[in-house]
Amino acid sequence: MLAFILRRILQSSAVLLAVGLVAFSLFRYVGDPVNAMVGQDTTMEERDALREKLGLNDPAPVQFFHFIANAARGNFGLSYRTSEPVGRLILERVPATLELSFCAAVFVLFVGVPMGVYTGLYPRHWSSRLLQAVSLIGISLPTFLIGILLILVFAVTLHWLPSFGRGDTVKVGWWVTNFLTVSGLKALILPAITLGLFQLTLIMRLVRSEMLEVMRTEYIKFARARGLTNRAINFGHALKNTLVPVITVAGLQLGSLIAFAVVTETVFAWPGVGQLFIQSVQFSDIPVMAAYLLLIGLFFVLVNLIVDLLYFAVDPRLRSQGGGARVGGH
Amino acid sequence: MHFSLRHSVALAALACAGFGFISSADAKTFKWANSGDVSSMDPYARQETFLLTFNSNIYDPLIRRDKDLKLEPALATKWGQTDPTTWFFDIRPGVKFHDGTPLTADDVVFSLNRANGPGSNMGSNFVSVKEIKKVGDLRVEVTTKYPDPLLADKWAALGMMSKAWAEKNNALNSADMTKNEENFATRNAMGTGPFMLKERRAGEKTILVANPNWWDKPVHNLTEVIFTPVANPATRVAALKAGDIDMTYEVPPADTESLKRDANIKVLEGPETRVVFLGFDQERPELLESNVKGKNPFKDKKVREAIHRSIDVDAIKRTVMRGQSFPTNLMVAPGINGYMKDLDKRPALLKPEEAKKMLADAGYPNGFETGMDCPNDRYVNDEKICQAVVAMLAKIGIKVNLRAQTRNLYFAKILRKADLSPGDTSFYMLGWSPAQTYDVHNVFEALIQTPNKTTKKGQFNAGGYSNPALDKLADAMEQETDKAKRDAMIKEATKLYVDDFAYVPLHQQAVVWAARKNVDLVQPADNSFPLRFVTVK
């Protein structure tokens, strides 16, 4: 188990390094930040001097090496756009993104899984068919359109919810949270739904097809023969056996909830890391982009690690084998 | 996960009970949004209209601009020249910084030196300056290397910062991007302005409160101002309609009509001081991207004239700009000193056959092919304007291959290089406003004079237009203090570039703002937004 975790951490660092190198070789295609950093009347000579000082004239591998050397010491540099330390800039935005992704994940799991179970148990019922049809919206409409539609209905027309932003927030230590004010919680609803809708559809359909599969198996028939209640059969036996693939997908999707928050955050002016990233791309703010990409890489790596560990908890067969070597192979 | 949800709901319920927010009836909170955040609280961090004007709500300048962009006294009650190379500024007595300390000549000298110091982006305002010194508690004297009649105009954007505060917080200079050090003044502020910085959360929101001890009598009736950057234009429009914000700027042209129909909203439109224009490579013996070899068609005035007079700016206004542009034939806009109204007439449009004949006379009976560069996220509808130009020139036999790209790539390509060699372009679009001086000389110096490494003129003359007679006039007007003589020079120089068809000026884009009906505000032509004029009913 420990060996497994260690091996995964080693692999992960290699992945992160690769992400960083690819990122730096792409940065020259996002353009030159210097023209945006200086005033209109700055001479070309001064612009080039700044470029030279910032190391922008160096080849990509050299820039990458400088970045990694500084990052290893916990120094990500200053943002070209705001001249604030990148580490803090990102850290300040992380709570907003994590809270949004968390709420979206809760929405996905607590709505998607029951919907999947229901449509799996009663596949022919008209309400199942309706749910199936409606859930297609989540997959077929682009996120920004769903977001704008929700804003138009619930903010502009009905005035129930705010159209953008985080509302009032409360600081708990360095963490700025939405969960402690009414307006903060209200502000979470629309973006969380927008962000989760695609994943909701995915999870619902996955659970549904797994349930259909499991309900046909012998041990469910035996369970019925033993006279167990429907509740015990459906949730205790059937649902539990569908969980391994659901956890895999849900885990990967949590990573993409954080990564895809970019679009949702832009639509709702949600001050998270995704929005920061978009602002940085527009400005060619290389230090922020590099740190963001590494952070997202780190998230994915961590989520995958946790998913692997969860298998142990859910699937008793893996525990009895004792080893973890086979687990990493999904 | 289930536990934490229940947990947080319980906490939230607690919070509802505990944190009741009370708002008093006469507190006027003004909420507004823009597409991007102000990048720093440091007034010298960047020479950029949005940063300068946002921070001028906190930092008063010595001299400020009124609603019509005319200079008026702010922290300086009097200023002027005692001789051609000496300026004086008399500091307003009794002014206090937001922390209660008095403003003195020391603060002014410190601020000016800081603006001219390392890390600051304002250095180009100090090119002529030799020395800045205190000559009394409330008087500052500035000596210049040569007569500089525009010094006061240049400094109208510079905010004054507390010296004691900067010393205490180790913010003696602006943040230096090349050193990895944080600067206190990036997030905090200490000026004398009508508003005080209450909270700064970069990229999220910035909260200002009214300064009760401001030296001037406030026109505004605000107690609090909340600024939020909202990048997505559709969200900004929705937020305004929902009443979540009171005002927004940079309204997308496509949404203007629907906002005008909303009874709760008013739309303000005015011309911006920036002129958007097209330029030609008139420098290289052969164009970079053309089928004409051995010569450069854009060096020929006839060719430039045929193109100029085939571009229908009124059609661009009608279709691409949806009425939101102000066509022009000059490189400066009304409101800028040196704008010559009687010269601002576009020559008559040519019929395609007339233009073709003109091209044939110049030696291009079958037209020719050229590349064109255009930004797609810098000016209003920039790419669409270029597409319209491509279509208009196709009618006269010029095949234009358009390359539109994002500003960070675009400017790196078309601007002149560090050694002032020409930019990599044949035909390009640029916008310019003399935002420092509000004077035409800046346009001559930056865009129209011959590029010269030694004198540093013509930095942004990407195509290398050159007219020695104009160069002389522009140099002379820089130091001419007699207004009548100077105006005559400006007129003559303007005629020269117009008759040469040096550039194709297109239009000033409209500044479009939208606000709730109960908000009164002033919209200056330089696209600045002074909060001191805002009232909420």
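Each remark here, short or long, concerns the structure printed above.
As the structure is a computational prediction, the values presented were derived from the model and not from experiment.

**Side note on the overall build of chain A**
And then number 1: If you tally the helices and strands in chain A, you get 13 helices and two strands.
And then number 2: For the C-alpha atoms alone, the extent of chain A along its principal axes is close to 85 × 55 × 35 Å.
And then number 3: A total of 330 residues make up chain A; the buried ones form 51% of that total.
And then number 4: As displayed, chain A offers around 15400 Å² of accessible surface, 69% of which is attributable to carbon and sulfur atoms.
And then number 5: Charged side chains in chain A number 26 positive and 18 negative. The centres of these two groups are separated by 18 Å.

**Quick notes on the side chain of B:N232**
And then number 1: On the secondary structure map, B:N232 appears in the loop between β10 (224-229) and α6 (233-242).
And then number 2: Leaving out residues up to four positions away in the same chain, B:N232 has contacts with A:I148, A:T266 and A:V267.

**Considering the interface of chain B and chain A**
And then number 1: If you look at the interface, chain B gives 61 residues, while chain A gives 68 residues.
And then number 2: Carbon and sulfur atoms make up 60% of the area that chain B and chain A hide from each other, which totals about 5200 Å².
And then number 3: Here B:E182 ties to A:R88 by a salt bridge, and the two come within 2.7 Å at their closest N and O atoms.
And then number 4: Put simply, the parts of the chain that give the side of chain B that touches chain A at least two residues each are α1 (2-18), β10, α6 and α12 (407-414) of chain B.
And then number 5: The dominant element in the side of chain B that touches chain A, judged by the number of residues it contributes, is α1(B), at eight residues.
And then number 6: Taken together, the residues that form the side of chain B that touches chain A break down as 28 nonpolar, 19 polar and 14 charged.

**Points about the environment of B:F126**
Residue and element names in this part refer to chain B.
And then number 1: Structurally, F126 can be placed in the loop between α3 (105-115) and β6 (129-136).
And then number 2: Take F126: its relative accessible area is 4%, and that puts it in the buried class.
And then number 3: Between the C-alpha atoms of F126 and A115, which are 11 residues apart in sequence, the distance is 8.7 Å.
And then number 4: Once you skip the residues sitting within four places of it in the chain, F126 turns out to touch L112, A115, N116, I132, W155 and L158.

**A look at the pattern of salt bridges**
And then number 1: Under the criterion given, the structure shown has 46 salt bridges over all chains.
And then number 2: B:E478 is the partner of B:K457 in a salt bridge, and the nearest nitrogen-oxygen pair spans 2.9 Å. With B:K457 in the loop between α13 (440-448) and α14 (468-479) and B:E478 in helix α14, this residue pair connects regions lying 21 residues apart in the sequence.
And then number 3: A relative accessible area of 9% places B:K457 in the buried class.
And then number 4: When salt bridges with common partners are traced through the structure, they connect A:E84, A:R88, A:E92, B:E182 and B:R187 into a single cluster.

**Some thoughts on the pairing of strand β16 (residues 427-432) of chain B**
Residues and elements named next belong to chain B.
And then number 1: Counting buried positions along β16 gives six out of six residues, so the element sits mostly inside the fold.
And then number 2: In β16, alternate side chains face the same way, and those of F427, M429 and G431 on one face and Y428, L430 and W432 on the other are all buried.
And then number 3: Bridge analysis of strand β12 (residues 265-280) against β16 gives six bridges, and the strand direction is antiparallel. Within β16, the position partnered with F280 by the bridge is F427.

**Here's the deal with the sheet that holds strand β4 (residues 76-83) of chain B**
Residue and element names in this part refer to chain B.
And then number 1: Strand order across the open sheet formed by four strands is β4-β5-β7-β6, with antiparallel pairing between neighbours. Two strands in the sheet have a free side with no partner beyond their single neighbour: β4 and β6. Taking each pair of neighbouring strands and ignoring which way they run, the sheet shows an average axis angle of 20°.
And then number 2: Across six bridges, β6 lies against strand β7 (residues 139-144) in antiparallel orientation. Within the sheet, the bridge partner assigned to V129 lies in β7 and is T144.
And then number 3: Here α3 sits on the sheet and contacts β5 (86-91), β6 and β7; the angle it forms with β6, its principal contact strand, is near 170°.

**A short note on the packing of aromatic side chains**
Residues and elements named next belong to chain B.
And then number 1: Across all of its chains, the model carries 35 aromatic pairs over all chains by this definition.
And then number 2: Aromatic side chains F30 and F529 sit 6.1 Å apart centroid to centroid with 55° between the ring planes, which places their arrangement in the tilted category. With a gap of 499 residues between them, F30 in strand β1 (residues 29-34) and F529 in the loop between β18 (519-520) and β19 (535-536) connect regions that are remote in the sequence.
And then number 3: Accessibility expressed as a relative area gives 0% for F30, which makes it buried.
And then number 4: Judged by relative accessible area, F529 falls into the buried class, the value being 2%.
And then number 5: Measuring from ring centre to ring centre gives 5.0 Å for F277 and Y503, while their planes differ by 75°; the resulting arrangement is edge-to-face. With F277 in strand β12 and Y503 in strand β17 (residues 503-516), this pair connects stretches of sequence that are 226 residues apart.
And then number 6: Put simply, the rings of F30, W32, F50, F54, F227, Y249, W513 and F529 pair up and form one aromatic cluster.
And then number 7: A cation over an aromatic ring shows up here: R65 above the ring of Y438, its NZ or CZ 3.6 Å from the ring centre.
And then number 8: Above the ring of F326, the side-chain terminus of K317 is found at 5.7 Å from the ring centroid.

Scoring rules and cut-offs
Residues numbered from 1 in each chain as written. Chains lettered and ligands numbered in written order. Predicted model: local features only at pLDDT ≥ 70, side-chain atom pairs only at ≥ 80, totals over all residues. Heavy atoms only, no water. Helix = DSSP H or I, 4+ residues; strand = E, 2+ residues; numbered from the N terminus. Buried < 20%, exposed > 50% of the residue type's maximum accessible area, 1.4 Å probe, protein only. Areas by Shrake-Rupley, 256 points an atom, 1.4 Å probe, with all protein chains shown as cover. Lys, Arg positive; Asp, Glu negative; His and termini not counted. Charge placed at Lys NZ, Arg CZ, Asp CG, Glu CD. Contact = heavy atoms within 4.5 Å. Buried area = accessible area lost by both parts, 1.4 Å probe. Salt bridge = Lys/Arg side-chain N within 4 Å of Asp/Glu carboxyl O. Nonpolar A, V, L, I, M, F, W, Y, C, P; charged D, E, K, R; others polar. Pairing = 2+ DSSP bridges. Axes fitted to C-alpha atoms, helices over the stretch in contact; angles between N-to-C directions. Phe/Tyr/Trp six-rings, centres within 6.5 Å; stacked < 30°, edge-to-face > 60°. Lys NZ or Arg CZ within 6 Å of the ring centre and 35° of its normal.

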